[in-house]
Amino acid sequence: MAFESLTERFQSIFKKMRGQSTLTEKNMDEALKEIRVALLESDVNFKVVKSFTQDVKEKALGQNVYTAVSPSEMLIKICHDEISGLLGSDNEGIVFQKHGLTTVLLVGLQGTGKTTSAGKLALLCKKKFNKKVMLAGLDVYRPAAIDQLGQIAKQIDVPFFEMGTDVNPVEVAKKAQEKAIQEGKDLLILDTAGRLSIDEALMDELKNIIKETSPDEVLLLVDAMSGQDAVNVANTFNAALRLTGIIMSKLDGDAKGGSALSIKYLTGLPIKYAGVGEKIDDLDVFYPDRMADRILGMGDIVSLVEKAKEQIDEKEAEKEAKKMMEGEFTLEDLLKQMKMVQKIGSLGAIAKMMPGMPSLTDEQRIRAEKEMKLFEAVINSMTPYERRHPEILKFSQKSRIAKGSGTTNADINRVIRKYDQTKEMMKQMKRYQKSGKMPPGMGGF
Amino acid sequence: MGLISFLKNKFSKKDDKSSKYDEGMKKSRAAFASKLDNLAKRYSEVNQDYFEELEQILIEADVGVSLTLELVESLLDKSEKEGIKEPSKINEELVDLMFVSYVENGSNIVNDISFSNEGPTVLLVVGVNGVGKTTTIAKLAYRYQKRGKKVMLVAGDTFRAGATEQLQIWAERLSCPIVVGKENGDPASVAYDGMKYAKENNIDLVIVDTAGRLQNKANLMAELSKIKRVISREIEGAPHETFLIIDATTGQNGVSQASAFKDVTDLTGIVITKMDGTSKGGIILSIRDELGVPVRFIGLGEKMDDLEEFDLDKYLHGLLIGE
């Protein structure tokens, strides 16, 4: 469903009222309607959307719009801040016991990714926090579920406890805990069978496991793709089991994951981790900020502006720009320009912040960052004179530079080609500037 | 005659099949139909507020924003033009519209798998992670075994730990042949082996399982089209059917799933799983509205025979009326 970005919709709305310096009820109404649709298309719960848009409206009314940003950007920023505020900053992951064993129980509907997440969580705690971890398979119902966890445990070299499928899961949980304590483990992760929240027999089983093992954390798996019903599910689980937090799975898909916002908003449960890929180390702590960007379906323009302002000396930038316009553009300038961009953050981070650029794949991003490093190495291996006059470079000089920078002659040629292209672009820009038009497709890298 | 009275008439006698829908969709109905009923009872006449609440009910059923707005707008229109003010009448109109929007966007489809005259019929099963592909495959195998078909399975999910074992357990329970590959092996080569086995052993129906994949992973989607190519090279006209499995709890992402999988595999149908939960499966309507891919089967419970041919009348009866 290729809906245009919120930014685009906003731009057309706010075009009509350029020059207005405050957000009023009138000029905001249409924009809020668009926000509402965007939120609903992201699977944010209807009730949450309703109270959210009201809150935003109240917050935004009468706010002065800074000259640097447009009213639309202002409104986006208010929304963004509200959402990330709601998603919470109290992100502390699992709270470990100071001494002895910490027990974590994973629960959720079928197919939300409990078993996979159990393995990922085990690896994360083992690697990042140096915990001695044990996994236990309590899913005696789904065929091969215990096999699956066993295979994962082997893969990440974590001890695995199981008692087959012909046994009461409560018993398995008890025995697993005894064993973990005996062996001096720090963390026991219990993987349970998926169940419908309305299945009372299975919910009772979970209650019994909790009664017998008093886990320190009861975490609910929520699929990022889930729809409006996700809140009801979370509520039922929470009412029956008193959850301590949420793990969002499948966030590497293109689902917007609005259910995260809804659940946090309506249950107050913190979202502790997020599954961000297929590989076993693809579990990350949850970042409310990124989630807010994702739900709004746009990069955070305002924070890019803020960040850029902080980091780049404006006067220097101006000087650079002037120099570029005048066509005195050297390889040193190219490097400076690249470094400036690097200061703002990695290329990937910038791409994430820029609206309309989410299509950059990880692979492309990594390649671009590598390219930057290569450029830096090459240019740094040149003499200052060569940097200013790359056109004089002969084969022998290129070979020297290649040796010094650990690159090849072909790499050097590429750098020079890039330099030539950028320089040519600068010239064009100058011409356009004189004629008052902007060139199409600006932006070097 | 409005659709609701049509449905009531059609299923007035205790119909075996519709009661399975009614039972499986009890929880969905509790949330959807009773909401509509309550709404109609609270208003003596429809007004702006009424339509807003109607909008809420539809969106909460995952019908999707754009289709919901479309539905509500045409209701508003109709109410004004024809002077319909009675809430229950408006609700009936709504159900009619939902029905129309479903039927209009796809031609008449036979839900049952149509078997080819000669040689094995191949069904490729695809979907994102955790929607219930393997379970659905077992249910489908069971269904056609009961009809005397020789069914075999191909364990094309070589990626997820335990996936092959899971399918093997089902194959054992169903006592049907299964072709498996090496762990982390090339799924296309498993598919190749499967096709070969099917041809040599006079199999009627081959069901090919594939690994769950999120639709935005280009490499995995490419792998899927490779599997498809291998299958069609080995058996002419195959895969005859490609089913996308969608979890009923899925939100608006379901449309993105359907469109991405449609691009690489020529979907011939959708199977909705886990309809026995509280979700309303409104995504069915959105997908049909935007892509025209029909729902062919629907999973209504955990037992082997809890897979039913999708029947819109029964679905709506289950969702709206019940026993």
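You'll find the structure just up there.
In short, a report on the structure. Every value quoted in this text rests on a predicted model; they were computed, and no experiment measured them. (Residues numbered from 1 in each chain as written. Chains lettered and ligands numbered in written order. Predicted model: local features only at pLDDT ≥ 70, side-chain atom pairs only at ≥ 80, totals over all residues. Heavy atoms only, no water.)

### Observations concerning empty space enclosed by the protein
Residues and elements named next belong to chain A. Enumeration according to the criterion identifies 5 cavities of 30 Å³ or more in this entry. Together, 15 residues line the largest cavity, and L109, T112, D223, S226 and V233 are the ones closest to its centre. Looking at the lining of the largest cavity, the elements that each hand over two or more residues are strand 5 (217-223) and helix 9 (230-241). Sort the elements by how many residues they give to the lining of the largest cavity and strand 5 lands first, with 4 residues. Grouping the constituent residues of the lining of the largest cavity by class yields 6 nonpolar, 6 polar and 3 charged. Reported here for the second largest cavity is a volume of approximately 70 Å³. (1 Å grid on protein atoms, 1.4 Å probe; cavity = no way out; pocket = protein on both sides within 12 Å on 5 of 7 lines; lining within 4 Å. Points joined across faces, edges and corners; volume = space filled by probe spheres on them. Helix = DSSP H or I, 4+ residues; strand = E, 2+ residues; numbered from the N terminus. Nonpolar A, V, L, I, M, F, W, Y, C, P; charged D, E, K, R; others polar.)

### Some points on the sheet that holds strand 6 (residues 269-273) of chain B
Residues and elements named next belong to chain B. Within the open sheet, the 8 strands sit side by side as 3-2-4-1-5-6-7-8. Their pairing is mixed. Lying at the two open borders of the sheet, with one neighbouring strand each, are strand 3 (178-180) and strand 8 (307-309). The average undirected angle you get between the axes of adjacent strands in this sheet is 20 degrees. Pairing geometry for strand 5 (residues 241-247) and strand 6, over 5 bridges, is parallel. Looking at the pairing, F243 lines up with G269 of strand 6. Along the sheet face, helix 10 (residues 218-234) touches strand 1 (121-126) and strand 4 (205-210) and points at about 175 degrees away from the line of strand 1. Contacts from helix 11 (residues 253-265) reach strand 1, strand 5 and strand 6, with the element oriented near 160 degrees to strand 5. (Pairing = 2+ DSSP bridges. Axes fitted to C-alpha atoms, helices over the stretch in contact; angles between N-to-C directions. Contact = heavy atoms within 4.5 Å.)

### With respect to the interface of chain B and chain A
With 43 residues of chain B at the contact, the number on the chain A side is 34 residues. Here chain B and chain A share an interface that buries about 3,400 Å² over both sides, 53% of which is from carbon and sulfur atoms. Ranking the residues of chain B by area buried against chain A places B:E60, B:V65 and B:L214 at the top, with a combined share of 13%. Between B:K217 and A:D252 there is a salt bridge; the shortest N-O distance is 2.4 Å. Our count for the contact surface shared by chain B and chain A stands at 16 residue pairs in polar contact (both at pLDDT 80 or more). (Buried area = accessible area lost by both parts, 1.4 Å probe. Salt bridge = Lys/Arg side-chain N within 4 Å of Asp/Glu carboxyl O. Polar contact = N/O pair within 3.5 Å; in protein donor to acceptor, adjacent residues only side chain to side chain.)

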